Amino acid sequence: MLKNARSIRLVCAYIFLMLFPLFSIAQIEAEWGKIPPDDLKMEVYPLDSNAHAAILHESGWLRVKSNLSNSFYTYHLYKRIKIFDEAGFNEGDVLIPYYHKNGRDQINNLKARITLPNGQFYNLAPSDFNRKNIYGWINAISFSFPNVEKGAILEYSYVLQSENIWSPQTWYFQHPIPTKKSIFKFENKSYFTYVNLFQPGTGLHKWTNLDGSVEFTHGDTKMYADKDYFVIENVPALPEESYITTMDDYRARIRFQADEVKLPDGKTHNLLTSWDEAAKKLIEADVFGSFYRKKKRLKAAYSELKPLLKTTQSETDKAQIIYYYLSQKIEWNRHYSPFPEKNPKEAFDERVGTDGEIGMILLSLLNEVDIEAYPVLTSTRDHGRMQTKYPIISQFNHLLVLAILDGKLHLLDTPQPNLPFGQLMTSSLNYTGWLIKEDVDEWIIIPPSKSEETTYIEVSLNDQGNAEGQLKHRSTNYAAHHERILATTYPEGNHWQEKMEANCIITNLEYTNLNNLSKPLQASLNFEIPKAATIINDYIYFSPYIIKPYTENPFKLEQRYYPVDFPHPFSEKTIVKVTIPEGYILDAFPEHFQIQLPDNKASFSFEAFQSENVLNINQTLNINTTIFEPVLYKELKELFSKLIEKEGEQLVFKKTQ
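Just so we're clear, the structure is a prediction, and the values are computed from it rather than from any experiment.

## Some words on the overall build of the protein
Here is step 1: When its secondary structure is counted, the protein shows 11 helices and 38 strands.
Here is step 2: Its C-alpha atoms put the protein at 90 × 70 × 60 Å along the principal axes.
Here is step 3: Here the protein holds 657 residues, and the buried ones make up 49% of them.
Here is step 4: Taking as baseline every contact in the protein between residues at least 6 positions apart, the subset at least 24 positions apart corresponds to 71%.
Here is step 5: Summed over its atoms, the accessible surface of the protein is roughly 32500 Å², and 49% of this surface lies on carbon and sulfur atoms.

In structure tokens form, the structure reads like this:
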């Protein structure tokens, strides 16, 4: 049976290969403005009746060319989108980013058109396209289709010309909405050769044909992938949901990276050599290795630090002194860039810099006091995971520092207020980093530590339904870092007010260890909530959760095709003590509940017991690992559903007289 199935697949592959030459470049793009009547009449996407919109056709070409004066690439995109309901109207707002420094990128031949269900159409005018700066050297053209309505079809296309031939434009086959057909063609007529960084997406089964081409299938989804030609049909939507690094890690896409260049004189230069060679070049670079390896680069900073450093012989203490000094002396401008955009000394003098500039300063000062320290390049969670096969430096966007202190390894992030020494930002928790060290080719693990929160609530009710009590909150690690930022930003406690009932009155807010970053942060406050309970005849209905960590389930998809990726393990415990109103008894006792995922990857427990006139409630959520594969998605979703269900339950008190 398997042998017959294999034979059938071979025959199909041969038929496809015989027909493949018919797919000329001119046939890749659908004819502009020629909308098939069936597409205009379509009211529901056949393969996904819940789709608010769908891409009926998209196509792209990427052509790289060289001449005697320069090399460049031309990228052409065409897209046709069908709108099914109002929730899909946002597809009518388009943003096209590009890099504008020194005119490196140019967008030309931009056109857009909307065709209504009755066949009437509108072409956008040049004045409808707006250019704006997003940040730094990134600009964008934005436009909105007019008169978007149910059943409308949107078309737009443009040509991007760029000199960034090292890493040309990425092509995505998969989007938040389903795609009927996506076609991509790559042509290289340049001095460069490229490696193909193809990512098929999730859930597709691979089949290799005799000619080396590859097919991927899963249900109605079919993809043909050659080295420079790709066709995929019936691609399901891949909507983004909570707890993920970046969707780029899971969307089907194709990237090309320059591998070597063969110049007209016949000489060939390798661009992707080895990690060792790449590290050597960075160590020798003026704005990188040579800066932090050479002493006396930051005389003003060292002169201020010298009296403090004399107080200890411990390398750990010295590193902490330098770290906390920088956290107060120089502000991170929230710009990720592992390589300094200006001389780090200038950044220190100006008291503001990128993470790369501040990291270079930290490395330089550690080296000044003879502490062994090395740069570690990584990619933040929202920037995407890294591949280790090719030494592609552009995949990194963040700089960490690995220091050897009193014989122990310490990984340090960008020094900043509220971030303890040795703790990384959650954005840095992307599992691995590349250690730059002479004669060492090593990827290190970036370990997350567990974060813990405990909320203790004592609340009393009177027979008028008014509540008053005290709340205490204790947090560690990442939870404490987040809370310290809020406490610094809102010293009056506004963020606590937002977490509680709208009419809640907060008094006596106090913090313990707010500035002692090495210890857990504790907060305490008193509260009053008028009319916190509902009184109906002889019954009082009251929700004991003054603060609800989750107001809705973060997991809403019927099926998730990519993992749930928490940045770190965490534990959230809530303890509530409710004093029962005088003259009342508890009418129904809350049911105990417990759920645990396989291998104790996650658990949720709820228990209640009464002691005299006090009802005690203990609730604990534990996320003990970071990655949950799609097979566990429904169980994890159910766990959070039960948590929210329990938090939504009301206590019912019955009058005794």
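## Some remarks on the sheet that holds strand 24 (residues 440–445)
Here is step 1: Across the sheet, which stays open at both edges, the 5 strands sit in the order 22-21-20-23-24 with antiparallel pairing between neighbours. The strands lining the two open edges of the sheet, one partner per strand, are strand 22 (408–412) and strand 24. Between one strand axis and the next, the sheet turns through 30° on average, direction left out of account.
Here is step 2: As paired elements, strand 20 (residues 373–378) and strand 21 (residues 398–405) share 6 bridges and run antiparallel to each other. By the bridge assignment, Tyr 374 is partnered in strand 21 with Leu 402.
Here is step 3: Set on the sheet, helix 3 (residues 275–284) makes contact with strand 20, strand 23 (432–437) and strand 24; between it and strand 23 the angle comes to about 60°.
Here is step 4: Lying on the sheet, helix 8 (residues 355–368) is in contact with strand 20, strand 21 and strand 22; it crosses strand 21 at an angle near 15°.

## A word on the packing of helix 6 (residues 315–329) against helix 8
Here is step 1: Contact pair helix 6 / helix 8: the axes reach a minimum separation of 10 Å and the direction vectors enclose 145°. Our pair here, helix 6 against helix 8, has a crossing hand that is right-handed. Here Ala 319, Ile 322 and Leu 326 of helix 6 lie close against helix 8, whose contacting residues are Ile 361, Leu 362, Leu 365 and Leu 366.
Here is step 2: Class assignment for the residues of the contact of helix 6 with helix 8 results in 7 nonpolar, no polar and no charged.

## Section: the sheet that holds strand 27 (residues 505–512)
Here is step 1: Spatial strand order, 27-28-26-25-32-36-35-34: 8 strands in an open sheet with mixed pairing. Of all the strands in the sheet, just strand 27 and strand 34 (593–596) have a single pairing partner and so form its edges. Neighbour-to-neighbour, the strand axes of the sheet open up by a mean angle of 10°, direction not taken into account.
Here is step 2: Inspection of the sheet shows strand 25 (residues 451–461) paired to strand 32 (residues 570–579) by 10 bridges, in the parallel sense. Counted as the bridge partner of Glu 453 is Glu 572 from strand 32.
Here is step 3: On the sheet, helix 9 (residues 477–489) packs against strand 25, strand 26 (467–475), strand 27 and strand 28 (521–529) and is oriented at approximately 60° with respect to strand 25.

## Description of the confidence of the model for the protein
Here is step 1: Of the residues in the protein, 96% reach a pLDDT of 70 or more, and the chain-wide mean stands at 91.
Here is step 2: Across the protein, the element-wise mean pLDDT spans from 44 in helix 1 (residues 2–19) up to 98 in strand 21.
Here is step 3: Contacts for the low-pLDDT stretch residues 1–26, under 50 throughout, to residues beyond four places or in other chains number 20 contacts.

## Topic: the environment of Val 631
Here is step 1: Considering the arrangement of structural elements, one finds Val 631 in the loop between strand 37 (627–628) and helix 11 (633–648).
Here is step 2: Distance from Val 631 to Tyr 561, taken between C-alpha atoms, is 8.9 Å for residues 70 residues apart in sequence.

## Re helix 11
Here is step 1: Given a rise of 1.5 Å per residue, 16 residues ought to cover 22 Å, and the 22 Å separating the end C-alpha atoms of helix 11 matches this to within 8%.
Here is step 2: Regarding helix 11, the residues found buried are Tyr 633, Leu 636, Lys 637, Leu 639, Phe 640, Leu 643, Ile 644, Lys 646 and Glu 647.
Here is step 3: Against strand 31 (564–565), strand 34, strand 35 (602–611), strand 36 (614–623) and strand 37 lie the buried residues of helix 11.

## What to know about the side chain of Gln 416
Here is step 1: Looking at the element boundaries, Gln 416 is found in the loop between strand 22 and strand 23.
Here is step 2: For Gln 416, a relative accessible area of 6% gives the class buried.
Here is step 3: Setting aside its immediate chain neighbours within four residues, Gln 416 contacts Tyr 323, Ser 327, Trp 332, Arg 334 and Met 425.

## Thoughts on a nonpolar patch on the surface
Here is step 1: Together, Leu 95, Ile 134 and Tyr 135 line one region of the surface with nonpolar side chains, adding up to about 310 Å² of accessible area.
Here is step 2: Relative to the assigned elements, Leu 95 resides in strand 3 (residues 93–99).

## Considerations on the pattern of salt bridges
Here is step 1: With the rule as written, the count across this model stands at 18 salt bridges.
Here is step 2: Here Arg 63 ties to Glu 187 by a salt bridge, and the two come within 3.2 Å at their closest N and O atoms. Pair noted here: Arg 63 is in strand 1 (residues 53–66) and Glu 187 is in strand 10 (residues 179–189), with a separation of 124 residues, a long-range link.
Here is step 3: In this structure, Glu 155 and Arg 80 form a salt bridge, with 3.2 Å as the shortest nitrogen-oxygen distance. Note that Glu 155 is positioned in strand 8 (residues 153–162) and Arg 80 in strand 2 (residues 71–83), a separation of 75 residues in sequence.
Here is step 4: Owing to a relative accessible area of 0%, Glu 155 belongs among the buried residues under this scheme.
Here is step 5: Look at Arg 80 and you get buried, because its relative accessible area is 4%.
Here is step 6: Taken together, the shared-partner salt bridges in this structure form one network comprising Glu 638, Lys 642 and Glu 645.

## Here's the deal with the pairing of strand 10
Here is step 1: By the bridge criterion, 9 bridges tie strand 1 to strand 10 in an arrangement that is parallel. Residue pairing across strands places Glu 58 opposite Ser 182, the latter belonging to strand 10.
Here is step 2: As judged from the 6 bridges shared by strand 10 and strand 15 (residues 229–235), these two strands associate in the antiparallel manner. Each residue of the ladder has a partner; that of Phe 184, found in strand 15, is Phe 230.

## Quick look at helix 5 (residues 299–309)
Here is step 1: Listed as buried for helix 5 are Ala 301, Leu 305 and Leu 309. For helix 5, the angular spread of buried residues about the axis comes to 60°, placing them on one side. Turned more than 90 degrees from where helix 5 packs its buried face, Lys 299 and Pro 307 sit exposed.
Here is step 2: On its buried face, helix 5 sits against helix 6, helix 7 (344–350) and helix 8.

## A few points about a negative patch on the surface
Here is step 1: Taken together, the side chains of Asp 276, Glu 277, Glu 284, Asp 439, Asp 441 and Glu 442 make up a negatively charged region of the molecular surface.
Here is step 2: Those elements that place two or more of their residues in the negative patch are helix 3 and strand 24.
Here is step 3: In terms of residues, the negative patch owes the most to one element, helix 3, which gives 3 residues.
Here is step 4: Checked against the element boundaries, Asp 439 lands in the loop between strand 23 and strand 24.

## Focus on the pairing of strand 22
Here is step 1: Bridge count between strand 21 and strand 22: 5 bridges; the pairing is antiparallel. From the neighbouring strand, Leu 402 faces strand 22, where its bridge partner is Leu 411.
Here is step 2: Linking strand 21 to strand 22, which pair antiparallel, is a turn of 2 residues; within it Asp 406 sits at a positive phi near 50°.

Cut-offs used in this document
- Residues numbered from 1 in each chain as written.
- Predicted model: local features only at pLDDT ≥ 70, side-chain atom pairs only at ≥ 80, totals over all residues.
- Heavy atoms only, no water.
- Helix = DSSP H or I, 4+ residues; strand = E, 2+ residues; numbered from the N terminus.
- Buried < 20%, exposed > 50% of the residue type's maximum accessible area, 1.4 Å probe, protein only.
- Contact = heavy atoms within 4.5 Å.
- Areas by Shrake-Rupley, 256 points an atom, 1.4 Å probe, with all protein chains shown as cover.
- Pairing = 2+ DSSP bridges.
- Axes fitted to C-alpha atoms, helices over the stretch in contact; angles between N-to-C directions.
- Left-handed = near helix turned anticlockwise from the far one by under 90°.
- Nonpolar A, V, L, I, M, F, W, Y, C, P; charged D, E, K, R; others polar.
- pLDDT = per-residue confidence, 0-100.
- Expected span 1.5 Å × (residues − 1).
- Patch = residues over 30% accessible without salt bridge, like charges linked within 9 Å, V, L, I, M, F, W, Y side chains within 5 Å.
- Salt bridge = Lys/Arg side-chain N within 4 Å of Asp/Glu carboxyl O.
- Arc of directions from axis to C-beta.
- Lys, Arg positive; Asp, Glu negative; His and termini not counted.
- Charge placed at Lys NZ, Arg CZ, Asp CG, Glu CD.

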